[in-house]
Amino acid sequence: MIIIKGKSVFKAIAIGKLAFYKRGKQQIKRYHIDSVQDEIKRFQKARDSAVSELKKLYDKALKEVGEASALIFEIHQMMLLDDDYNESIENIIKTQNINAEFAIGTTSDNFSQMFASMEDSYMRERAHDIKDISDRVLNKLLGVEFDFINSKEPVIIAADDLAPSETVQLDKSKVLGFITLYGSSNSHTAILARSMNIASVINANGILNDSYAGKMTIIDGFTGNIYIEPDDATLSRLSAKKALEEEKIRLLENYKGKPNITIDGKKIEIYANIGNISDMAAVLKNDAGGIGLFRSEFIYLESKTYPTENEQFSIYKTAAENMAGKKTIIRTLDIGADKKINYFNLPHEENPALGYRAIRICLTRPEIFKTQLRAIFRASAFGNISIMFPMITSLCEIQKIKEIVKEVQNELETENIPFNKNTELGIMIETPAAALISDILAKEVDFFSIGTNDLTQYTLAMDRQNQKLEEFLNPYHTSILRLIKLVCDNGHKNGIWVGICGELGSDLNLTETLLSIGIDELSVSPPNILPLRKKVIETDISKIENKIF
Amino acid sequence: MEQIKYVIKDNAGIHARPAGLLVKLAKEFESSITIEKDGKTADARKILAVMSLGAKKDDEITVKIDGNDAESAANKIKEFLENNL
């Protein structure tokens, strides 16, 4: 039995075989072959198998994220079947009498160089597509089998870290847990694990050892320990613990359908944070009262170019219709900082968290902002949609936003397109600046939602992606709680509701404190809804002693 | 033979998405279909060739269609260009 220690980001236990998520970085050897015909057949077989894999990915993406996002997998199929690409590979095999891998590698280099040398930055990026399709075929030839769709049993996945574009391709029903070498508790993989309700451990030094592949593994999300080939005692101890936890989750089911009312009668709204339209199932399953944070950036992250108004409209409409009259708060594009999108061509920044991001991009590139706003307003005719703007620091930003909103509404009116004129407009309070002038901002908007992740990083001047700072980062810092109280008081004085949509909202140790401050709404990832409802129902606000200030 | 001249209006030019859709459309017809830009010619059935033209906004492209179903192909392609590019 080997024990590896890491940092747990979700308290659950996973038991299953370990599989590595590997990117195509194969060593390609060059060697002469005996039969050109056989080698060409070998290539064609691998290529066809890669094409059928892409077909499956296309069908899956079509169901989960819609045609616009799925199209890339169809384009990759076309590229793999492109005559020039295939002729090049087959010619190299024939004329040089060498192996398919080398021919593919050479062809891939040639074509990607052709794209890389083009003037247009978007086209230069297509070099990655060529590498991507070539790697897919090489994986087949070299037997680097990492195909979740064909994998029969669910596995625990280990990787250095996973990018959003990689996790979107994962078949979530085949994933028991995540182990990563890098990452922080706010990295994409950690957030994904929490939204999926599965065990996940980060900073697991030593996990990427090839000899562990396929071995029985346990993740203990309560301690952060990982056991490779656990002994019988460990296996039975953790299996029992796993069963106990699952029983607790079953008991939580009793809280479905119950209102979130405290012992002393205050109603708290509990909404869901979602990062993809595919999370809708989890939102409904966990009985959320609404969507408190719809992270619209996934639409942009999954697209190879700017998503059109119609593509966005159909996604927002689906969300609003699924929520059937419950509040659906869509946050406008929040990219920059840790979320980068190639086709936006954002320059490299030394300090991206303090840089060109979120509303700052939207206000300087109004064409992108207006496309999104038009799509959201059009969807507002199909449900109870509100709009929320991220990264606000000043009153004049809100005034500019409102001017653009007005323009969009006027356009829609002229075009006779229906929308809800009374759509609530709110802002995220995630900068100390916005918190400190929240009395002024409250007069301009319909609600506040406090983004505690960014508010914490900006208030404490600590980069939340920096692993070295985790020991200094106190999420319960008095400064944060004071800012939350200030925002809440200022909101209430001006008659608007105040919610929290950051990680603090789901921290049950802090629920009493937040309720005693007067928070009206908590928006958390879907699996946290029922535990939070239980906590709210068991809380008596009148008996909470105010210990913070 | 049919010939279509078209100036691209889409901001991103013939990027991956429209190139893919164009290739799909071209494969529906028997006729040979080529796209020319600045002296470079690409077979409209080959996605890498179409993309490598690097056709951007305000570039003029010429589509040449030759074969039995050239006329209906030309109509469809014209419609496609106007709607997507």
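Bear in mind that the values here come from a model prediction, so they are computed numbers and not experimental data. (Residues numbered from 1 in each chain as written. Chains lettered and ligands numbered in written order. Predicted model: local features only at pLDDT ≥ 70, side-chain atom pairs only at ≥ 80, totals over all residues. Heavy atoms only, no water.)

### Some details on the sheet that holds strand 10 (residues 290–295) of chain A
Residues and elements named next belong to chain A. Taken together, 8 strands build a closed barrel; the order of strands is 9-10-11-12-13-14-15-16 and the barrel is parallel. Neighbour-to-neighbour, the strand axes of the sheet open up by a mean angle of 25 degrees, direction not taken into account. Here helix 18 (residues 478–493) sits on the sheet and contacts strand 13 (425–429), strand 14 (447–450) and strand 15 (497–500); the angle it forms with strand 15, its principal contact strand, is near 155 degrees. (Pairing = 2+ DSSP bridges. Helix = DSSP H or I, 4+ residues; strand = E, 2+ residues; numbered from the N terminus. Axes fitted to C-alpha atoms, helices over the stretch in contact; angles between N-to-C directions. Contact = heavy atoms within 4.5 Å.)

### Quick word on the domain arrangement of chain A
All names here are of chain A. Taken domain by domain, chain A consists of domain 1 (2–20 + 148–251), domain 2 (36–142) and domain 3 (268–541). Relative placement of domain 1 and domain 3: their C-alpha centres are 29 Å apart. In this complex, domain 1 contributes 11 residues to the contact, which on the side of domain 3 involves 9 residues. Contact between domain 1 and domain 3 buries roughly 1,000 Å² in total, counting both sides, with carbon and sulfur atoms accounting for 46%. Between the two partners, domain 1 and domain 3, sit 1 salt bridge. (Domains from an automatic or database assignment. Buried area = accessible area lost by both parts, 1.4 Å probe. Salt bridge = Lys/Arg side-chain N within 4 Å of Asp/Glu carboxyl O.)

### Topic: the interface of chain B and chain A
On the side of chain A, 22 residues touch chain B, which itself brings 18 residues to the contact. Both faces considered, chain B and chain A share a buried interface measuring about 1,800 Å² in area, 70% of it formed by carbon and sulfur atoms. When the buried area of chain B at its contact with chain A is split by residue, B:Arg17, B:Lys46 and B:Leu48 rank highest and sum to 34% of it. At the junction of chain B and chain A, the tally comes to 3 salt bridges.

### Remarks on the pairing of strand 13 of chain A
Residues and elements named next belong to chain A. Most of strand 13 is tucked away, with 5 of its 5 residues classed as buried. Judged by which residues are buried, strand 13 turns out to be covered on both faces: Leu425, Ile427 and Ile429 on one side and Gly426 and Met428 on the other are all buried. In terms of strand pairing, strand 12 (residues 384–389) meets strand 13 through 3 bridges, oriented parallel. Looking at strand 13, one finds that Met388 is bridged to Gly426. Following the chain from strand 12 across helix 14 (residues 395–414) to the adjacent parallel strand 13, one finds a crossover that is right-handed. (Buried < 20%, exposed > 50% of the residue type's maximum accessible area, 1.4 Å probe, protein only. Right-handed = clockwise from strand over helix to strand, strands pointing away.)

### Let's talk about the nonpolar core
Residue and element names in this part refer to chain A. One finds Phe294, Phe389, Phe448 and Ile484 to be the most contacted residues of the largest nonpolar core, which totals 156 residues. Top element by residues in this core is helix 1 (residues 36–65). It accounts for 10 residues. Residues lining this core come from more than one domain, with at least three contributed by each of domain 2 (36–142) and domain 3 (268–541). Those residues within four positions of Ile484 in sequence are excluded, and the remaining contacts are Ile450, Thr452, Ile500, Leu504, Leu514, Ile517 and Ile519. (Core = buried A, V, L, I, M, F, W, Y, C linked by side-chain atoms within 4.5 Å.)

### Topic: the environment of B:Asn11
Topologically, B:Asn11 is positioned in the loop between strand 1 (2–7) and helix 1 (16–26). On the accessibility criterion, B:Asn11 (67% relative accessible area) is exposed.

### Some points on the sheet that holds strand 1 of chain B
Residue and element names in this part refer to chain B. The 4 strands are arranged 1-4-2-3 in an open sheet whose pairing can be described as antiparallel. Sheet topology places strand 1 and strand 3 (40–43) at the edges, where each strand pairs with a single neighbour. On average, adjacent strands in this sheet sit at an angle of 20 degrees to one another, irrespective of strand direction. The pairing of strand 1 with strand 4 (residues 60–66) spans 6 bridges and is classified as antiparallel. Pairing of Lys5 across the sheet is with Thr62, part of strand 4. Against the sheet, helix 3 (residues 70–84) engages strand 1, strand 2 (32–37) and strand 4, with an angle of about 5 degrees to strand 1.

### Concerning the environment of A:Ala127
Residues and elements named next belong to chain A. Note that Ala127 resides in helix 5 (residues 121–142). Distance in space between the C-alpha atoms of Ala127 and Ser108 is 8.7 Å, their sequence separation being 19 residues. Beyond its immediate sequence surroundings of up to four residues, Ala127 is in contact with Ser112, Phe115 and Ala116.

### Concerning the packing of aromatic side chains
Residue and element names in this part refer to chain A. Evaluation of the coordinates by the stated rule reveals 11 aromatic pairs over all chains. Ring centres 5.0 Å apart and planes at 65 degrees place the aromatic pair Tyr306 and Phe344 in the edge-to-face group. With Tyr306 in the loop between helix 10 (297–301) and helix 11 (309–323) and Phe344 in the loop between strand 11 (327–331) and helix 12 (359–364), the pair connects residues that are 38 residues apart, well separated along the chain. For Phe344, a relative accessible area of 2% corresponds to the buried category. Between Phe369 and Phe389 the ring centres are 6.0 Å apart and the planes differ by 75 degrees, which places this aromatic pair in the edge-to-face class. Of the two residues, Phe369 is situated in helix 13 (residues 366–379) and Phe389 in strand 12; the sequence distance between them amounts to 20 residues. For the pair Phe369 and Phe389, a shared accessibility class is recorded, and that class is buried. Lying over the aromatic face of Tyr255, Lys258 brings its terminal NZ or CZ to 5.1 Å of the ring centre. Note that Arg378 overlies the ring of Phe313, its terminal NZ or CZ placed 4.1 Å from the centroid. (Phe/Tyr/Trp six-rings, centres within 6.5 Å; stacked < 30°, edge-to-face > 60°. Lys NZ or Arg CZ within 6 Å of the ring centre and 35° of its normal.)

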